[in-house]
Amino acid sequence: MKKITFKVTTKKEGSVVSLIKKVNKISCRIQIDLENDIVAVENVDDTMIDSIIELIDQYYTILNVMIDNTSDESTLVETPQSVTIVDEPKSEDTVEKTAEPENKPTVVGPQSEDDLIIQKVEFENEYVENLINKFMRTAYWTMYRMNISEKEIGKFILTSIHEISIRYKGKETIEYSIGDIVDCNYGIHLAGEINGGHVSAIVCNITNDNMVYVVPITKVRENLTSHSYPSHSYLIFDAPDDVVYNNDYYTGGTALLDKGRYLRAERFNEVIGKATPEFFAKVLNQLSTTFDFTGNIVMTDQTFETISEGDGKELLPVNANNSDVTTSELKPKKAAKKVGVEESALLNIIGESLKKLDSTKKVEEQVVDFLTDIGMTTSERMVTQSFVVACDIKRINYKNVILELHNMFPNVEEDSIKSILKENFKKWLDLHPELVESCPKISLMAVLKVFAKRFA
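Residues numbered from 1 in each chain as written. Predicted model: local features only at pLDDT ≥ 70, side-chain atom pairs only at ≥ 80, totals over all residues. Heavy atoms only, no water.

## Some remarks on the pattern of salt bridges
It is possible for side chains of opposite charge to pair when their charged atoms get near one another. The test is simple: Think of a salt bridge as a Lys or Arg side-chain nitrogen and an Asp or Glu carboxyl oxygen that are within 4 Å of each other. Think of it in three bands: with a 1.4 Å probe and only protein chains considered, a residue is buried below 20% of the maximum accessible area for its type, exposed above 50%, and partly exposed in between. A run of H or I in DSSP becomes a helix once it reaches four residues, and a run of E becomes a strand once it reaches two; helices and strands are each numbered from the N terminus.
On inspection of all chains with the given rule, the structure shows nine salt bridges. In this structure, Arg264 engages Glu266 in a salt bridge whose closest nitrogen and oxygen atoms are separated by 3.2 Å. On the accessibility criterion, Glu266 (10% relative accessible area) is buried. One salt bridge connects Glu343 with Lys453, and the closest N-O pair in it is separated by 2.8 Å. Here Lys453 lies in helix 12 (residues 444-453) and Glu343 lies in helix 6 (residues 339-355), a separation of 110 residues in the sequence. Taking relative accessible area as the criterion, Glu343 reaches 23% and is therefore assigned partly exposed.

Okay, here's the thing in structure tokens:
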């Protein structure tokens, strides 16, 4: 942001000295013209605009605001779906996403990659020299072909310089402890990753080798679910109730639990606050349940099958003839889904009916009563017999069930059997929208597995 000019009047309670002290903690240039009732702010980072406006509004009544961006590229703060928004007082490395400029700069001169730099950089090592020159061509291409600002490209360059320096020169670490809120230099990387030279983060764990597990903080507090953030993956908090900051212009924010990771302590710039014991305990408790990747487990045998859909499609090795293939070389067609979630959801609906089944009696004698009890059709023999054959096969999926049914009804095509099963199961699902909501990809195979367990 180049410049913001506020036309103000009616001085509110509080002194100008107090205002200046607070603004002095924010990296920007400010001019207060008491005679003409004008407050002008220059070189303020986009992420600090809210704080500036709130501060000025505490001492003046704002009549109008003029924003001058004519001499600088427009910027747009990224949404929490793609990156954490930085809200710290350091402005030189804050997270921004360059907006599409209205008038793209005219590209003159370079017509090929070799033309992107006029003067080649010389370096004593030929390998590094080639990389530096390639880096320059990349920077030139990004700025003048992709219309990215010099400031944005500069952040990537500064990140490289900073990380190389820390890696090989070292850096003294600040004093910090569990529960502290630290100002952290994540650097600038790809969209969707945490970016920024000054990102607030909660210290959750410390290892003996200066590795620290931190949970980043964003000042965004609304519409997180609309940006694909599950409710269990973040915690909204208030200051000073949950977090006590060293500066009083922080009003709260959101801890992004699923963005937590281990970092080197050398990335910490300073301690800027402390989580209260109650809020810190809440962070650790919820953090312990945030990550659950068990849904990615696949059953392995000579083939690798999908657990969730159960439609006969399998996960096969890239080279099926290679007996030495490892799980890292698998090429899955579909992601597996947690069986436990489906089973739990089904038990809420058909659990009482399952309890009525007698494992000492034949399945054929009970299946019709069971289907009647749960509201599923009994007039379609393919459906009733699918429950019977499910109790006699080792692995329950569409492929195996349909094969058994086709052996029983050889005049019916396998595709027709599959259509009959899916169509009737869909009719049953329409009676239980809550099941579809919790398990949108559930299939008849999940019901058969739960049913067959009673006769195992």
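Following the structure, the description resumes.
## Side note on the nonpolar core
Definition in use: Here, nonpolar core refers to any group of buried Ala, Val, Leu, Ile, Met, Phe, Trp, Tyr and Cys residues whose side-chain atoms link them within 4.5 Å. Here a residue-residue contact requires only that any non-hydrogen atoms of the pair lie within 4.5 Å.
If you look at the biggest cluster of nonpolar residues, it comprises 41 residues, and the most contacted ones within it are Phe370, Met376, Phe387, Val401, Leu421, Trp428 and Leu444. Of all the secondary structure elements, the ones that give two or more residues to this core are helix 6, helix 7 (367-374), helix 8 (381-390), helix 9 (398-408), helix 10 (414-429) and helix 12. The contacts of Phe387, once residues within four sequence positions are left out, are Val363, Val367, Phe370, Leu371, Met376, Leu444, Val447, Leu448 and Phe451. Membership of the second largest hydrophobic core comes to 21 residues, among which are Ile181, Ile202, Val215 and Phe237.

## Side note on the packing of helix 8 against helix 12
Inclusion rule: To get an axis, a line is fitted to the C-alpha atoms, and for a helix only the part in contact is used. The angle between two axes follows their N-to-C directions and goes from 0 to 180 degrees. The cut-offs work like this: below 35 degrees is roughly parallel, past 145 is roughly antiparallel, 65 to 115 is roughly perpendicular, and the gaps in between are oblique. A clockwise turn of the near helix away from the far one marks a right-handed crossing, whereas an anticlockwise turn of less than a right angle marks a left-handed crossing. Only Asp, Glu, Lys and Arg are considered charged in this grouping, and only Ala, Val, Leu, Ile, Met, Phe, Trp, Tyr, Cys and Pro are considered nonpolar; every other residue, Gly among them, is considered polar.
For the pair helix 8 and helix 12, the least separation of the axes is 9 Å and the interaxial angle reads 50 degrees. Regarding the angle of helix 8 to helix 12, the classification is oblique. Of the two possible hands of crossing, helix 8 and helix 12 adopt the one that is right-handed. Taking contact as the criterion, the partners of Ser386, Phe387 and Ala390 in helix 8 are, on helix 12, Leu444, Val447, Leu448, Phe451 and Ala452. Grouping the constituent residues of the contact of helix 8 with helix 12 by class yields seven nonpolar, one polar and no charged.

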